[in-house]
Every structure is written in C-alpha cells, then in structure tokens.
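Take a look at the letters that make up each chain.
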Amino acid sequence: MNQNTQNLSPRLNQNLQSSGSQVELSELTGIRGVFLDCINDPFSNGSNDSLDNPSAENLESLENSSIRYIPDGLLVLNQGHIHDFGAYSALADRYPNLTLTHYPDRLITPGLIDIHLHYPQTQMMAAYGEQLLDWLNQYTFPMEQSFQDPEHAAQVANFFVEELLRNGTTTAAVFAAVFPGSVDALFAAAQARNLRLITGKVMMDRHAPPGLLDTAQSAYEDSQRLIERWHGVDRLGYAVTPRFAPTSTPQQLQLAAQLLAEFPTVYLHTHLSENLDELAWVQELFPGSASYLDVYDRFALVTSRSIFAHCIHLSDVEFDRLADVNAAIAFCPTSNFFLGSGLFNIQKAKSEGRSINVGLASDVGAGTSFSMLKTAAEAYKVAQLQHQTLSPFQLFFLMTLGGARSLHLADHIGNFELGKEADFVVWNLQATPLMAFRNPGPLPTTFRELSDRLFSLLVLGDDRSVSATYIMGQQQFDSV
Ligand SMILES: [Zn+2]
C-alpha cells in the first residue's frame, strides 16, 4: 500500500480492514460525470420524489428522496466493483493519481435490467397479426425448432447479447429454447462478455409440435445437468423454466418443483395470466384450481424466487398471494400492446397495501424493442390508459434497482452503492436531432429539469442514446 493510504475515508478504511484485503490505489480507475441512481423504491410511501413537493425544487433537497443525482460525480472502480462514489469535489483529493475517464456532458446510470425476454425469438420480432395462442403456433414454435442446431443457437445468442449491450441492458432473465444446447449457447455468450444473465431450458411436454416436446423426466434430467454446469458460475444463474401451465403436464410441473427443492438458489421463471383465452384454457386443463396462479401454487412453484411474466388478469387474491410470498412480476408493456393482451395494473401491485417486486421487461420477441427506454415509455402509457401516472423516477426504478430486487440481486447490482458490481451506462441526452432540439444546453441543475430530462430520455430515447455500456468496469459497448 502506498503513502496515499492516509487519505482514504474512514469508511473505506473500515472496508479494507473488514475484508482483510489491501487496495493498491494505483489499481483504481475513475469515471467522472453526471450520475443518477435509485437508492430506494419511489413507489413506497414517504418518498419525496414529486414535483408537487415545493422542497423538491432544488437538488439539495434530495436527502429524503429515493433518487440520487450528482451533477459532477466520481465513481472509483476497483477490479470491477464500486470502491468509492460521491461528488468529485469531495473525493478527488483522495485519489490524486487516478486514471480517469471524463464524460462531462453525459448522464451515467446503473446498467438496465430486463427481467423477461426470449432469445430464440430475436429473429421473429414484429411477426404480424396474431394474439398469444395463435402467435405461439404460427411463429414461435416453428422458429424455436431451429435452436436444435447448436451453431444456429450460438449465432443468435451472440447477436442477442450484443443487442442487449447496445441498448444499455447489463442484466437479463431470459427464456432459452427447449434444447439444452440452446442454454449452453446463451450462457457461453454471456460469460464471454462477463454479463449477468439468468436463463434456463424451456420445459414443455405437451401442446406443442412433436419436435419441440421434451418429457417430464428428460426435462428434469437436462435441467439438473445445466444447473450443475452453469448455476453460480461467474455471473450466471439458472431458472427452472416451464413455458406456461398449458404446455406442461402435472408430472412435469411436479418435477420442476423438485428441482427448486434440490437447488434452492435457482429461480422459477414462467408466464402467468397474459391472455383471456389462455386463462380459459388453463381452467379447462386444471379444473380443480381456484385460479391460474393457484395452478402453480399447487405444484409449489410460487416462491420468493419465482418470476412471473405479464400478470395482467390477476384477481386481488392472486396479487395478495404474490405479495405474501415476495415473488416478482415482469411488466411487459410493449408485448402486451403488441399481442393485444391487456393492461397490467401496476397500482394493484405497488399500492393498496401491497409492495410486490415488479421489474420491467421487453419480452422480445412479442415485445417490439430491446430498448428498456422504449419499454418504460410504453409502461407509462399502460398506466395512463388506466388513469394512473408513473413518474419518471418510478419508471427508472423499475428498470434498475426494482429489477435488481425482483431478481434478488440488489446486493450486487441496481445502483452505485459501494461494493456493488460496476455495470453502468453512459447516455447521450442529445443523441438525435429531435432530442438535441428538445434538450438544448447543459445537463439539469434543478429537480424539475432533472425529472423532465429523464422523462424525455425515456420517451424519445432508444439505442442511439447509448454512448457506452460498461460491464464490471470494462467498456463492452461503445457507440463510436
Ligand atoms: Zn414471454
């Protein structure tokens, strides 16, 4: 350790002592710029993130807020983790010889989190004219068949992961196809870029073309092998992935639950209550169940590590159940519009005495964009159609810290807290002629401006707004 050690903050010294490790200041790197992150849930009561609140007019009053904005900040990185973070003026003296990258006119946020999408559907986005069940038969099943070929799977997996990075998405929970090789391909593509990624083999032993069907037993054994090979390796996690209740026999759902019992840290990732015809079909197939969620519940698949995509047509009882078990909902607005499925009621999930973990999700390929900005803009419209309002900061939360909490990864990612993994995105708020015209001049200096600029980024921005994407402190995408 060099002579600058005495300049470290007391907090940092404590960290060093408790971890028993020594940090060489010469190994640190820094990012200077304009930083925005969420430090709490703006949906929860007591949050101060409102333009109606007069004290919120200036940025100094953000202490009681769930957001943190640092107009000239410094992020200090050590081996891919956040070593220190704060105002540049307060920290710069402590790190005199820091190798610094400066983004003076860019906004830097935590990497975005997409908690539900399908990589085998990348090439069939924008498939015309159907609602859920016909869309699956017409487009999805034939497309997924091609993932039996490992070379094809690898090619799509690599394109898919690059597309995530190009859109500023640094963590994703993804459906693979039914073939175990399709899971290997995606994990390998993510691992090569050090991306945080959760995926799993689709389990599907009925109501699909024969070439796509597994059996209850083969799905169990294949999943088991994949979990042992990939779960917890580097930044990868496994999700037991029955497509949805109609395509699994009771025996397969039972074995899915057995996998959860055998491997308590894996996830359960599936679809729930997306389309009214689907609901009627589930009722037919599982006549003894009280509701769609109850089908999963009867097979012990509703846990705190369950991710349920859509949740559009849930009863209050089902919402309560999700809240009780602390399960997560993937809110997929572009997909829900595209397939005409309905409007997710976020107010029921996040208020009325409930605080369910909700994350934003593109649901590619029924979703119409990889961009989480575009996804957030559509989420806003879903709320508007129900006479609800989602604030810019609530939307921002859903795709950062809210997503991290939904995936139980908030100890690792989601904001710029010390010790977390340094996944972040550098945004250009003037990336297009329209955005530059809409947002002339420097970055915000008041709360009102900040809220306005953030909202304009969500509504008008897309992949062109991403200047750079960093994974564990390493730049993995650069727009230039
Ligand atoms: Zn989906």
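**Some thoughts on the nonpolar core**
Core analysis: the largest hydrophobic core is formed by 122 residues, its most contacted members being Tyr-119, Phe-308, Leu-322 and Phe-331. Tallying contributions element by element places helix 4 (residues 150–166) first for this core, with seven residues. No fewer than three residues from each of domain 1 (3–111 + 416–478) and domain 2 (112–406) sit in this core. Filtering out sequence-adjacent residues up to four positions away, Leu-322 remains in contact with Leu-293, Val-302, Phe-308, Cys-311, Leu-314, Ala-327, Ile-329 and Ile-356.

**Thoughts on the domain arrangement of the chain**
Segmenting the chain into domains produces domain 1 (3–111 + 416–478) and domain 2 (112–406). Put simply, the middle of domain 1 and the middle of domain 2, counted by C-alpha atoms, are 30 Å apart. Each partner contributes residues to the interface: domain 1 has 37 residues there, and domain 2 has 34 residues. When domain 1 packs against domain 2, close to 3,100 Å² is buried across both sides, 69% of that on carbon and sulfur atoms.

**Quick look at helix 4**
Between its terminal C-alpha atoms helix 4 stretches 24 Å, which fits the 24 Å expected from 17 residues at 1.5 Å a residue. Residues of helix 4 that are buried include every one of His-152, Ala-153, Val-156, Ala-157, Phe-160, Val-161, Glu-163, Leu-164 and Leu-165, and no others. Sitting at the head of helix 4, Asp-149 places a side-chain oxygen 3.0 Å from the backbone nitrogen of Glu-151. Where helix 4 ends, the next residue or the one after it, Gly-168, has phi of about 80°, a positive value.

Rules behind the numbers
- Residues numbered from 1 in each chain as written.
- Predicted model: local features only at pLDDT ≥ 70, side-chain atom pairs only at ≥ 80, totals over all residues.
- Heavy atoms only, no water.
- Core = buried A, V, L, I, M, F, W, Y, C linked by side-chain atoms within 4.5 Å.
- Buried < 20%, exposed > 50% of the residue type's maximum accessible area, 1.4 Å probe, protein only.
- Helix = DSSP H or I, 4+ residues; strand = E, 2+ residues; numbered from the N terminus.
- Domains from an automatic or database assignment.
- Contact = heavy atoms within 4.5 Å.
- Buried area = accessible area lost by both parts, 1.4 Å probe.
- Expected span 1.5 Å × (residues − 1).
- Polar contact = N/O pair within 3.5 Å; in protein donor to acceptor, adjacent residues only side chain to side chain.

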